[in-house]
Amino acid sequence: TSNLSSDEALVFNLIMDGESSEVLLRLFAHPDKAQRVKVALALAAVNSRFSHNEETGFAEKRGQFWLDVAEHLGDIQDALSEALITTAKTGTPNYIPYTLAWMPGQGRETVELLAWAAKHHPDPWVRRFSVYFVVRFGGFEEFSGPLLQDRTHDPDYRVRKEVLQRRISRLTG
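The model shown is predicted, which means the values in this text are computed figures rather than measured ones. Position labels on residues start from 1 in each chain and follow its written sequence. The model is predicted, so local features are restricted to residues of pLDDT at least 70 and side-chain atom pairs to those at 80 or more, both for listing and for counting; the totals for chains, interfaces and linings are taken over all residues. Side-chain metrics rest on all non-hydrogen atoms present in the structure, leaving aside hydrogens and water.

Participant: Give a description of the overall build of the protein chain that names residues and reports values.
Facilitator: For helices the rule is a DSSP run of H or I covering at least 4 residues; for strands it is a run of E covering at least 2, with both sets numbered from the N terminus onward. If you tally the helices and strands in the protein chain, you get ten helices and zero strands. In sequence order, the secondary structure elements of the protein chain are arranged as α-α-α-α-α-α-α-α-α-α. Relative to the globule expectation of 16 Å for 173 residues, the C-alpha radius of gyration of the protein chain, 16 Å, shows essentially globular dimensions. In the protein chain, which comprises 173 residues, the share counted as buried stands at 47%. When checking whether two residues touch, look at their non-hydrogen atoms; a contact exists if any pair is within 4.5 Å. Contacts spanning at least 24 positions in sequence make up 63% of the contacts within the protein chain whose residues lie at least 6 apart. Here the open area of atoms and residues is found with the Shrake-Rupley method and a 1.4 Å probe, where only the protein chains shown may cover a residue. A total of about 9000 Å² of accessible surface is found on the protein chain, and carbon and sulfur atoms cover 49% of it. Here the radius of gyration uses the C-alpha set of atoms, whereas the globule reference equals 2.2 Å times the residue count to the power 0.38. Here the term buried applies to any residue with accessible area under 20% of the maximum for its type, exposed to any over 50%, and partly exposed to those in between, with areas from a 1.4 Å probe on protein chains only.

Set out below in structure tokens:
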């Protein structure tokens, strides 16, 4: 955890301990918006960084964390959504779409938010991942169809390339 910010280290350690989810839940429902955004950014950064790192055992602990906090998923989704919108306004790069897309309980509202992020977030990674998820896994044509049209003019080449790949995938099945 030496390479993590203090907030990221807190999130990582609490998830890995498996016993302190109450501390995180209080942070996600904190009355101060800045605190909710900060913990959401930390969760997204840790989740993105360690989900596929088998050496840490994070994936298993994260799975247990989601089970342990199942009745509070709404607060966590709300904090992640609020943070994604806030970072769009501030231009802050982040990995919130990755966490929102793959956490339990995502549905139409998540897909709609990611479609919005694909169009409005200043970070090209956020836009590219959001296009990828909405079109490939979102399941709502009213969001994916317009993205495939609109994002062909994205200012970032990687986003335009993702759109082209999703369009080709649709043609080739």
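Participant: Outline the nonpolar core, listing residues and values.
Facilitator: Ranked by size, the top nonpolar core spans 52 residues in total, and within it Leu-24 and Ile-76 carry the most contacts. Among the elements that line this core, the one with the most residues is helix α3 (residues 33-50), at eight residues. Apart from the residues within four sequence positions on either side, Ile-76 is in contact with Leu-25, Phe-28, Leu-43, Phe-65, Trp-66, Val-69 and Met-103. Put simply, a nonpolar core is a bunch of buried Ala, Val, Leu, Ile, Met, Phe, Trp, Tyr and Cys residues held in one set by side-chain atoms that sit within 4.5 Å of each other.

Participant: Can you explain the environment of Lys-89? Please cite residues and give values.
Facilitator: The topology assignment puts Lys-89 in helix α5 (residues 73-90). When the C-alpha positions of Lys-89 and His-120 are compared, they lie 9.1 Å apart, and in sequence the two are 31 residues distant.

Participant: A description of the packing of aromatic side chains should follow, citing residues and the corresponding values.
Facilitator: Side-chain rings of Phe, Tyr and Trp (the six-membered ring for Trp) are treated as a pair once their centres are within 6.5 Å; stacked means planes under 30 degrees apart, edge-to-face means over 60, and tilted covers the remaining angles. All chains considered together, the criterion is met by 14 aromatic pairs. A centroid spacing of 5.3 Å and a plane angle of 55° characterise the contact between Phe-65 and Trp-66, whose relative ring orientation is tilted. Each of the two residues, Phe-65 as well as Trp-66, counts as buried. Relative to Tyr-132, the ring of Phe-129 lies with its centre 6.1 Å away and its plane at 50°, an arrangement referred to as tilted. With Phe-129 and Tyr-132 both in helix α8 (residues 124-136), this residue pair falls three residues apart, about one helical turn. Counting every residue linked through ring pairs, the aromatic cluster contains Tyr-95, Tyr-98, Trp-102, Trp-125, Phe-129, Tyr-132, Phe-133 and Phe-137.

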